[in-house]
Amino acid sequence: MQDTDSPSPPVRVLEIGGSHVTAGSVEVAGHRILDRQRHPLDPAQDALTIVGALADAAKRLLPGPGDRWAVAFPGPFDYTAGVSLHEGVSKFDQLHGVNLREALAAAIPAEPEAFTFVNDADAFLLGEWVDGAATGTRRSVAITLGTGIGSSWLADGAVVSDGPDVPKDGEIHFCDVDGVNIEDLVSDRALVRGYLARTGVTVDGMRGLAALARDGDKDAREVVDTAFGILGRLLTEWLDRFGAEVVVVGGSMTGAWDLIEPALHLPVPARPVADTERSALLGAAYAGS
């Protein structure tokens, strides 16, 4: 990792989500996104099609032969080898066992050793630590709230993914509460199920539930309060263990932060981030520089 105060060429970044790939050129020292292009991506496609879509997005950056590349990818993934471990998770299953380092290097083309792979939640937190809500902190945590729950733990700029102070693999979604996995209690599907059980009515995920809660629907508010109260208690235990100074929060559910924050009742400041994509691009570039 280079000193971010010294001049360096931009790092090319691919930030990959469940329905998109964003290609960007990032000047790490200046914390600047020089180019950002978002393209749709179908995670259910075959491996050849997905790799082709990623390579096409990369080529739009007009890369040079000596460029560094950073790829932010959701787990499960072997980030050292660059190999997908997705299987039975409904997204990117066809990439299971594919060496993306070699496949992308051949398709762009680029040198295989030019690639650094980083977990998407880690990239998000690194970006906020470099230039955002976690800047200046020694110990910070990121939580992403969407179809599931992602997490990342950072100590003095280094990702912490094992040890007694963080959940297994640094992933809060592995945790159980009273024998029930946390994502079966706090996720879009869990919230929909909770409201349906109370009212017999199906809502359009957290977005629909939040609209009802803001309009005074007591059942909707109770579902939100109960779910995020559970998450808040679980997080508080780990935040205290880790010695966190701040929690940065991303993901689609941050649009309902006015409802979520009071229910979490966390012991440290929790700061929602509107542009998580910028943070992930910057953080991945920092990891790859």
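Whatever comes next refers back to the structure up there.
Residues numbered from 1 in each chain as written. Predicted model: local features only at pLDDT ≥ 70, side-chain atom pairs only at ≥ 80, totals over all residues. Heavy atoms only, no water.

Enquirer: Got a minute to help me understand the packing of aromatic side chains in this structure?
Expert: Aromatic rings considered in pairs are described by the distance between their centres and by the relative angle of their planes. Inspection of the entire model under this criterion finds 8 aromatic pairs. Summarising the aromatic geometry, the rings of W153 and F242 are spaced 5.5 Å apart at their centres and angled 75 degrees between planes, so their arrangement reads as edge-to-face. Of this pair, W153 sits in strand β9 (residues 149-155) while F242 sits in helix α6 (residues 218-242); the two residues are 89 residues apart in sequence, bridging distant segments of the chain. Among the residues examined, W153 registers a relative accessible area of 0% and is labelled buried. Counting every residue linked through ring pairs, the aromatic cluster contains W69, F73, F77, Y79, F92, F115 and F117. Across from the ring centre of W238, 4.1 Å away, lies the NZ or CZ of R241, which sits over that ring. (Phe/Tyr/Trp six-rings, centres within 6.5 Å; stacked < 30°, edge-to-face > 60°. Helix = DSSP H or I, 4+ residues; strand = E, 2+ residues; numbered from the N terminus. Buried < 20%, exposed > 50% of the residue type's maximum accessible area, 1.4 Å probe, protein only. Lys NZ or Arg CZ within 6 Å of the ring centre and 35° of its normal.)

Enquirer: Looking at this structure, how should I read the sheet that holds strand β10 (residues 158-159)?
Expert: Strand pairing in a sheet takes place through backbone hydrogen bonds and is either antiparallel or parallel in direction. Read from one edge of the open sheet, 5 strands run β10-β9-β8-β13-β14, paired in mixed fashion. Strands at the two margins of the open sheet, each flanked by one partner only, are β10 and β14 (270-272). Looking at chain direction, strand β8 (residues 139-145) and strand β13 (residues 246-250) are connected through 5 bridges and run parallel. Directly across from I143, in β13, lies its bridge partner V249. (Pairing = 2+ DSSP bridges.)

Enquirer: Looking at this model, I keep getting lost on the packing of helix α4 (residues 188-199) against helix α5 (residues 205-214). Mind explaining?
Expert: Helices that pack against each other are described as a pair by the angle of their axes relative to one another and the distance between those axes. The N-to-C vectors of α4 and α5 enclose an angle of 45 degrees; their axes lie 8 Å apart at closest approach. Classed by the angle they form, the pair α4 and α5 counts as oblique. Taken as a pair, α4 and α5 cross one another with a handedness that is left-handed. The residues of α5 that touch α4, namely those facing D188, L191, V192 and Y195, are G205, M206, L209 and L212. (Axes fitted to C-alpha atoms, helices over the stretch in contact; angles between N-to-C directions. Parallel < 35°, antiparallel > 145°, perpendicular 65-115°, else oblique. Left-handed = near helix turned anticlockwise from the far one by under 90°. Contact = heavy atoms within 4.5 Å.)

By themselves, these are just geometric observations and shouldn't be taken as functional.
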